[in-house]
Amino acid sequence: MGHLFPTSVLLTALRDRGHDIALRTLAAGVEIGRDLGFATEAVDPRIENMPLDDWKATNPQDALQRALDVFARRAEYEVDDLRTAIDQVCPDVMIIDANCWGAAAVAEASGLPWASFYAFLPYLRSRGVPPWGPGLRPWPGLLGRARDALVRPRVSGVFTKAMVRSLNPVRAQVGVPPVDSADEFLLRPPLKLVATAQPFDYPHPDWDDSIQLIGACAFDPTPTTAPEWLAAINRPIVLVSTSSEFQGDIDVARTALTALADEPIHVVATFPAGVPAGITVPANATVREFVPHSMVLDRAACAITHGGMGTTQKALVRGVPVCVVPQGRDQFEVARRVEMAGCGTRLLPKALTPARLRNKVRQAMAMAAGARRVATGYAATGGAAHGADMIEQRLLGQPKPTVPGIEWAEQ
């Protein structure tokens, strides 16, 4: 679901230009897609019945390996699932979630124009950027290059071993060439759309223009009226968000409720994977399973997140600073980028205590200027409209619009 929402922003931009959208997604997302006007069906249930279990991992490397193993097992079922969808829809263009490895192989084999969509920070190699995964601080100069060279085989080797071993049999099955590395696989699509922007992300001077940053793609329809409980809050709000699928991040919310109980703020904590039993709610807090985050963030002074790109960027696009307590996946990278961009703070889970979290939230609340700077960067990309432009121009072959007196230039 965390990938469906930002993708839907791009799809809505295309829909609004008159394109017909056929969406294949999780069963829980079918109604959402249909409400947005997309011809939506669920993927093969066998794909959905392979949930990520990286929250069981004992260390970040084990967590990464578990996630990659799930993507590899899903890939086998994605092949026939997408082939069936192609036969049913006869698409002009395909947009494939970057974690759908089998679907990507089918898209490549089809000969149709296609793009990959990243709702997360890509793990593509880039000059001057540390190896993806542990959230290392960028370290320029000779010492930084030496450190990255030592760490990269341990980190990138996990990707390459897991992806090449699992992907090439699937790629052979559909009739496309094998790949030798994760980077080679990720660079196969003619167009790569990434839902982020600088200064939140690092500069990537060696990425070519087939990789396009299109802003935060924040999706969260806001009700026309706020609920009474939200309207009644007269203190600065701190939103605490946990993952949309279980990831073992409940301790972050529990700690936040304790840490901020005596602060002159109001905590709104959401548990989309289910409110845990026996949770203690202090007088200055409201706990809900689901609340449209935009509705709360429009009044928030800070957001505490697990480092998922969805909620983190949803806050930053509104100029709301964040405190990130990463749990796994790309979240250590997100947390480090928050710190480097000066738009919030990071606190590693092994250091999580009420006192430390309280201090990090106080620091983050003073970093609104950095959050606004990041929001400006998101807007400068052109957002989903820019992504729609790229699909129309590069994949559908439509010309750039011409406006008298304006000369268009590639960025």
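Structure's up top.
These numbers come from a predicted model, not from an experiment.

*Asks:* Where do I start with the nonpolar core in this structure?
*Replies:* General note: in soluble globular proteins, nonpolar side chains tend to be found buried as a group. Counting 73 residues, the largest nonpolar core has Trp101 and Phe200 as the members making the most contacts within it. When residues in this core are grouped by element, the largest group, 11 residues, is from helix α4 (residues 60-89). Not counting residues within four places of it along the chain, the set of residues in contact with Phe200 comprises Met309, Gln313, Leu316, Val334, Arg337, Val338, Ala341, Cys343, Val374 and Tyr378.

*Asks:* For this particular structure, what's the right way to read the side chain of Arg152?
*Replies:* Structurally, Arg152 can be placed in helix α6 (residues 141-174). The buried charged residue Arg152 lacks any salt bridge partner; its closest oppositely charged side chain belongs to Asp148, at an N-O distance of 4.5 Å. Among residues more than four places away in sequence, those in contact with Arg152 are Arg125, Val129, Pro131 and Gly157.

*Asks:* How should the sheet that holds strand β12 (residues 344-346) be read in this particular structure?
*Replies:* In a beta sheet, neighbouring strands pair by backbone hydrogen bonds and run either parallel or antiparallel. One open sheet holds the six strands; their spatial order is β9-β8-β7-β10-β11-β12, and the pairing between them is parallel. On the outer flanks of this sheet lie β9 (285-288) and β12, each paired with one strand and no other. Strand-to-strand twist of the sheet, defined as the mean angle between neighbouring strand axes without regard to direction, takes the value 15 degrees. The sheet contact formed by strand β7 (residues 237-241) and strand β10 (residues 300-305) spans four bridges and is parallel. The partner of Ile237 across the bridge, within β10, is Ala300. Most of the contacts of helix α12 (residues 331-341) go to β12, to which it runs at about 135 degrees, and overall it touches β11 (322-324) and β12.

*Asks:* Sorry, what's going on with the state of the cysteines here?
*Replies:* As used in these notes, a disulfide is a covalent bond between sulfur atoms, one from each of two cysteines. Within the structure shown, the criterion is met by zero disulfides. In this structure Cys302 is a free cysteine whose sulfur lies 6.1 Å from that of Cys323, the closest cysteine sulfur available.

Reading the values: rules and limits
- Residues numbered from 1 in each chain as written.
- Predicted model: local features only at pLDDT ≥ 70, side-chain atom pairs only at ≥ 80, totals over all residues.
- Heavy atoms only, no water.
- Core = buried A, V, L, I, M, F, W, Y, C linked by side-chain atoms within 4.5 Å.
- Buried < 20%, exposed > 50% of the residue type's maximum accessible area, 1.4 Å probe, protein only.
- Helix = DSSP H or I, 4+ residues; strand = E, 2+ residues; numbered from the N terminus.
- Contact = heavy atoms within 4.5 Å.
- Lys, Arg positive; Asp, Glu negative; His and termini not counted.
- Salt bridge = Lys/Arg side-chain N within 4 Å of Asp/Glu carboxyl O.
- Pairing = 2+ DSSP bridges.
- Axes fitted to C-alpha atoms, helices over the stretch in contact; angles between N-to-C directions.
- Disulfide = S-S within 2.5 Å.

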